[in-house]
Amino acid sequence: MTEKATFSVQEILDAIRNKEFRVYYQPQYDALTNQIRGAEALARWIRPDGTIVMPGAFIPPLEKSDQIVELDWYMYREVCAFLKRERERGDWEIPISINFSRRHVFEENFVTTLCAIADACKIPRRLLVVEITESALVECEESVLRLVESVRAEGFPIAIDDFGCGLSSLSFVKDVSSDILKIDKSLLSHNCEDEKERIVLESMFTFAHRLKMLTVAEGVETREQLGFLRTCGCNVIQGYLFAKPMPEEDFLTLCKEMPIAEKAEDILTIQSAASAMRLLTDAIFLCYPLVIFSNLSRNSFYMMAYENFSARSCPSTGVYEELIAHGAATMHPEDRELFRETFRIDKQMEAYRRGEKVIRVVTRQLGDDGVYRRAETSNYFVKNPSSDDVLVISLCKNLDD
Ligand code: C2E
Ligand code: CA
Ligand code: CA
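Here the structure is a predicted model, which is why all the values come from computation and not from measurement.

Quick notes on the rules
- Residues numbered from 1 in each chain as written.
- Chains lettered and ligands numbered in written order.
- Predicted model: local features only at pLDDT ≥ 70, side-chain atom pairs only at ≥ 80, totals over all residues.
- Heavy atoms only, no water.
- Phe/Tyr/Trp six-rings, centres within 6.5 Å; stacked < 30°, edge-to-face > 60°.
- Helix = DSSP H or I, 4+ residues; strand = E, 2+ residues; numbered from the N terminus.
- Buried < 20%, exposed > 50% of the residue type's maximum accessible area, 1.4 Å probe, protein only.
- Lys NZ or Arg CZ within 6 Å of the ring centre and 35° of its normal.
- Patch = residues over 30% accessible without salt bridge, like charges linked within 9 Å, V, L, I, M, F, W, Y side chains within 5 Å.
- Areas by Shrake-Rupley, 256 points an atom, 1.4 Å probe, with all protein chains shown as cover.
- Salt bridge = Lys/Arg side-chain N within 4 Å of Asp/Glu carboxyl O.
- Donors = N, O, S within 2.8 Å, 3.2 Å for Na, K, Ca; no water.
- Disulfide = S-S within 2.5 Å.

Caption draft 1: Summary view of the packing of aromatic side chains. Scanning the model with the defined rule gives 18 aromatic pairs in all. Summarising the aromatic geometry, the rings of Trp 73 and Phe 100 are spaced 5.9 Å apart at their centres and angled 70° between planes, so their arrangement reads as edge-to-face. Within this pair, whereas Trp 73 is found in helix α3 (residues 68-89), its partner Phe 100 is found in the loop between β4 (96-99) and α4 (110-120), the two being separated by 27 residues in sequence. With respect to class, Trp 73 is no different from Phe 100; both count as buried. An aromatic cluster is present here, built from Phe 7, Phe 21, Trp 45 and Phe 58 joined pairwise through their rings. In this arrangement the basic side chain of Lys 244 is found over the ring face of Tyr 240, its NZ or CZ atom lying 4.7 Å from the centre.

Laid out in structure tokens, this is it:
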């Protein structure tokens with residue numbers, strides 16, 4: 001294999017047109033069942049003498065000259081042709097990820113072409129994952145965001161590649177709607193044994209899952225890494241530990257030999273503190289659809305969620321006294337005084353000093369549908385070890401649903 005030889009852009013383009021480029025597939029495995037969940041298409045240049053040229057030798061010159069789009073379209077067409085063949089033969093359902101360079105932002109017909117090729121091959125778009133690197137997103141944010149939106153609107157899943165490497169920014173992940181987050185291999189040390197590294201990774205998975213993104217860990221080479229990634233709730237594993245990128249025939253053989261789903265491990269025996277907390281939070285929301293954190297000493301609040309609560313019009317952060325006024329206004333007129341009096345900050349502070357643990361009240365709450373329902377609000381006093389502020393968590397539930 002050659003990595004370092006330099007080739008002219010013309011040589012590379014000629015080779016693409018001569019069909020010397022091959023798609024290699026690197027399988028992606030379910031982190032819990034070990035079943036193949038997908039694959040990434042990676043370019044390999046097989047020279048007439050049989051030597052294999054790796055992407056490191058042809059991607060940079062192509063990127064520099066903007067000709068990378070040629071390769072990407074070639075790869076995409078090849079993958080579509082492959083999926084077409086397999087779907088004609090059977091009910092192929094394994095999605096394939098294709099790398100798209102940032103240069104496509106400047107192509108006017110990018111989305112139209114993407115759709116046209118998939119449709120001509122009759123491939124459901126959910127099977128064609130568009131991978132785009134995080135650095136591309138950071139560089140030309142506005143135009144990339146628009147492109148990503150339109151690709152997604154057409155039904156293609158989007159994967160953010162190389163997340164956590166280079167110009168990382170968490171803020172763009174909140175702006176771009178993507179389906180899959182691929183955590184870069186540079187974040188994994190050999191054994192994932194460094195405490196700081198583990199904390200960073202754990203939080204990345206927690207935030208990706210809270211944004212409802214599927215997580216893929218790349219470059220997984222050791223059992224230790226796999227073990228740790230499982231405890232983080234990582235969904236999919238891609239790396240040499242399971243399989244290297246391989247020619248189509250080998251990939252097909254592997255898919256055919258795919259074991260019947262191994263009985264998944266008992267998730268409770270391998271979960272981390274972070275994933276246990278996630279389950280606990282889900283259970284709390286089942287019981288209390290509205291959860292509010294308030295700082296009585298600072299007259300502030302932060303609303304954690306108000307899914308399925310009958311009135312959804314509350315602001316999500318702000319001044320506590322305003323929240324109480326807002327809450328009272330959405331109540332039955334006869335209950336307003338009781339509610340306001342119970343939750344006056346000075347009254348609550350007194351109760352706290354007396355050593356009370358909880359203040360509870362039931363009121364009639366006007367729902368968005370115009371109907372009054374009984375709602376119970378329980379304010380629990382809690383302590384944050386690094387502050388003397390008086391904090392309360394309000395757990396609110398509908399009694400009449
Ligand atoms: P990538 O998109 O991040 O792809 C993953 C790379 O990590 C692949 O390198 C893969 O072989 C390698 N890899 C996978 N598992 C492991 C592992 O366990 N350990 C180690 N050390 N490496 C692992 P590859 O195939 O050399 O590709 C390098 C890069 O070239 C890709 O990185 C991608 O950015 C680019 N590339 C490849 N094909 C295309 C293409 O068709 N279009 C575009 N635009 N870029 C491509
Ligand atoms: Ca990739
Ligand atoms: Ca990557």
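Caption draft 2: Geometry of a nonpolar patch on the surface. A contiguous nonpolar surface patch, about 270 Å² in accessible area, is contributed by Met 277, Leu 280 and Ile 284. Mapping Met 277 onto the fold places it in helix α12 (residues 273-287).

Caption draft 3: Molecular detail of the coordination of the calcium ion (ligand 3). The coordination sphere of the calcium ion (ligand 3), as far as protein atoms go, consists of Asp 161 (OD), Asp 162 (OD), Glu 218 (OE) and Glu 218 (OE), spread over 2.2 to 2.6 Å. Summarised as a motif, the one-chain spacing of the donors to the calcium ion (ligand 3) is D-D-x55-E. A separation of 3.9 Å is found between the calcium ion (ligand 3) and the calcium ion (ligand 2), both of which receive a donor from Asp 161. With Asp 161 in strand β6 (residues 158-163) and Glu 218 in strand β8 (residues 214-218), the pair connects residues that are 57 residues apart, well separated along the chain.

Caption draft 4: Region of interest: the state of the cysteines. For the coordinates displayed, the defined rule picks out zero disulfides. The thiol of Cys 115 is unpaired, and the distance to the nearest cysteine sulfur, on Cys 80, comes to 11 Å.

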